[in-house]
Amino acid sequence: MFLTLKESTFYMKTAKIKSVLFQALEETGKLLKNSLHERNVTAKKSELSIVTATDMAAEKIILDLLKKEFPDHSILSEESPAMGTAPQRWIIDPIDGTTNFAHTYPIACISIAYEEYGVVQLGGVYDPFRDELFFAERGQGASLNGSPIRVSGLESIGDALVATGFPYDRRKDPDSYLAIVRAFMMKVQGIRRSGSAAIDLCYVACGRLDGYWETKLKPWDMAAASLMVEEAGGKLSDYSGGPFGLENIQILASNSKLHADMLEIIEPYKNIALNQSI
Ligand code: IPD
Ligand code: CA
Ligand code: CA
């Protein structure tokens with residue numbers, strides 16, 4: 001089969017974008033692995049949200065590479081002001097799991113997504129402490145270290161292992177967040193809180209978890225890993241069953257089969273913190 005010039009240009013462009021994405025994950029992965037022993041907190045963004053020197057160094061590696069390879073693309077990265085207006089946009093979390101990282105608790109990752117015209121096309125999440133690279137391409141499925149992954153096939157909420165996280169404003173409204181945890185605790189087999197939303201979502205994608213919810217995540221927490229869930233056959237929504245979007249204040253992710261049960265549990269809390277800024 002011969003490709004048209006337009007098709008072959010498209011494949012070459014996508015191949016370059018993917019290879020730069022992998023290079024950025026690999027280089028920053030080495031940095032995170034080599035810096036885990038240092039407690040290098042440099043700033044506090046809020047009462048509970050910290051930044052380490054490694055967040056900044058990892059972000060610099062990624063931004064320098066992207067600016068060199070794709071000077072026209074726009075970038076949304078957690079520790080920097082948004083750059084550019086082009087519809088080709090990179091969405092980056094240089095360390096997802098910073099609080100873990102700052103305590104040398106080895107659950108953290110780098111998350112990089114590539115979006116075109118508001119739709120995430122590629123997502124890569126690398127956990128250097130387990131050497132696990134999760135990757136998804138829209139329409140092409142999701143993989144872990146190159147092998148295809150699928151969500152779990154579990155159908156009974158009583159057997160489910162689910163996860164959540166607590167937003168940085170948790171001291172403002174602890175009872176609402178805890179009420180949701182309580183509601184799930186009464187229905188599922190177990191609840192985990194890893195401290196990295198991207199890893200939690202990737203674990204839903206590969207079937208280690210059956211579901212996940214969190215309030216007030218940011219686009220960089222979810223961009224790459226939400227594509228992973230979708231491409232692995234999972235389902236995403238807000239707490240009312242409405243469509244998922246990167247600007248959503250709520251995310252409910254599941255293996256799809258448990259989505260209705262999870263919605264029934266969380267629906268009474270659908271209005272929590274909706275008007276509160278973080
Ligand atoms: C945080 C982690 C955590 C989640 C927080 C996020 P950060 O991201 O994903 O699991 O509970 O809501 O902000 O600050 O480590 O990049
Ligand atoms: Ca994050
Ligand atoms: Ca981060």
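Please refer to the structure placed before this passage.
Residues numbered from 1 in each chain as written. Chains lettered and ligands numbered in written order. Predicted model: local features only at pLDDT ≥ 70, side-chain atom pairs only at ≥ 80, totals over all residues. Heavy atoms only, no water.

A. The arrangement of the site of ligand 1 in detail. As a matter of local geometry, ligand 1 sits amid 16 residues, with Asp96, Gly97, Thr98, Tyr168 and Glu214 nearest to it. A distance of 3.4 Å is found between an oxygen atom of ligand 1 and a side-chain nitrogen or oxygen belonging to Glu78. Side-chain polar atom of Glu214 to an oxygen atom of ligand 1: 2.6 Å apart, as the coordinates give it. Contact with the protein chains covers 94% of the free accessible surface of ligand 1, which is 380 Å². Among the detected pockets, ligand 1 sits in the largest pocket. The biggest single contributor to the shell around ligand 1 is strand β4 (residues 88-96), with 3 residues. (Near = heavy atom within 4 Å. Polar contact = N/O pair within 3.5 Å; in protein donor to acceptor, adjacent residues only side chain to side chain. Areas by Shrake-Rupley, 256 points an atom, 1.4 Å probe, with all protein chains shown as cover. 1 Å grid on protein atoms, 1.4 Å probe; cavity = no way out; pocket = protein on both sides within 12 Å on 5 of 7 lines; lining within 4 Å. Sits in = over half its atoms within 2 Å of the grid points. Helix = DSSP H or I, 4+ residues; strand = E, 2+ residues; numbered from the N terminus.)

B. Here's a closer look at the packing of aromatic side chains. The full count for this structure, using the stated rule, is 5 aromatic pairs. Members of the aromatic cluster, each reached through a chain of ring pairs, are Phe70, Trp90 and Tyr114. One cation-aromatic arrangement involves Lys16 over Phe70; the distance from NZ or CZ to the ring centre is 5.0 Å. (Phe/Tyr/Trp six-rings, centres within 6.5 Å; stacked < 30°, edge-to-face > 60°. Lys NZ or Arg CZ within 6 Å of the ring centre and 35° of its normal.)

C. Quick peek at helix α5 (residues 197-205). In terms of residue burial, α5 counts as a mostly covered element, since 9 of its 9 residues are buried. Among the residues of α5, those classed as buried are Ala197, Ala198, Ile199, Asp200, Leu201, Cys202, Tyr203, Val204 and Ala205. (Buried < 20%, exposed > 50% of the residue type's maximum accessible area, 1.4 Å probe, protein only.)

D. Geometry of the coordination of the calcium ion (ligand 2). Protein-derived coordination of the calcium ion (ligand 2) comes from Asp93 (OD), Asp96 (OD) and Asp221 (OD), at a distance range of 2.0 to 2.2 Å. Spacing between the donor residues of the calcium ion (ligand 2) along their common chain follows D-x2-D-x124-D. A distance of 3.7 Å spans the gap from the calcium ion (ligand 2) to the calcium ion (ligand 3), which Asp93 bridges by coordinating each metal. Of the two residues, Asp96 sits in strand β4 while Asp221 sits in helix α6 (residues 219-231), which places them 125 residues apart along the sequence. Both residues of the pair, Asp96 and Asp221, belong to the buried class. (Donors = N, O, S within 2.8 Å, 3.2 Å for Na, K, Ca; no water.)

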